[in-house]
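Breakdown of the fold
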Amino acid sequence: MDPVIYEITDTLDLHTFNPKEVASLIEEYLALCVEKGIDSVRIIHGKGTGTLKPVSYTHLRAHETT
């Protein structure tokens, strides 16, 4: 399968991604945002079954700055 080209902006919408891919996606996306100088990112995890929210929060805590 070919990689999906996704524009790196200050918003990441997780709705179209497989929950199993979310952890690595967030890591990679945030790293690319840092490279581009984007210091604040809005991550949309949706409501649904609630699968994406805890995964997202776990990985976001690792990137928290005070």
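To be clear, the structure that these remarks concern was listed above.
The next subject is the environment of Ile 38. As for its position among the elements, Ile 38 is in the loop between α1 (22–36) and β2 (42–44). Taking relative accessible area as the criterion, Ile 38 reaches 21% and is therefore assigned partly exposed. When the C-alpha atoms of Ile 38 and Asp 10 are compared, they prove to be 6.5 Å apart, with 28 residues separating the residues in sequence. Setting aside residues no more than four positions away along its own chain, Ile 38 makes contact with Ile 8, Thr 9, Asp 10 and Cys 33.

The next thing to look at is the nonpolar core. Counting twelve residues, the largest nonpolar core is built from Ile 8, Leu 12, Leu 14, Phe 17, Val 22, Leu 25, Ile 26, Tyr 29, Leu 30, Cys 33, Ile 43 and Leu 52. If one sorts the elements of this core by residue count, α1 sits on top with six residues.

Each value, and the rule that gives it
Residues numbered from 1 in each chain as written. Predicted model: local features only at pLDDT ≥ 70, side-chain atom pairs only at ≥ 80, totals over all residues. Heavy atoms only, no water. Helix = DSSP H or I, 4+ residues; strand = E, 2+ residues; numbered from the N terminus. Buried < 20%, exposed > 50% of the residue type's maximum accessible area, 1.4 Å probe, protein only. Contact = heavy atoms within 4.5 Å. Core = buried A, V, L, I, M, F, W, Y, C linked by side-chain atoms within 4.5 Å.

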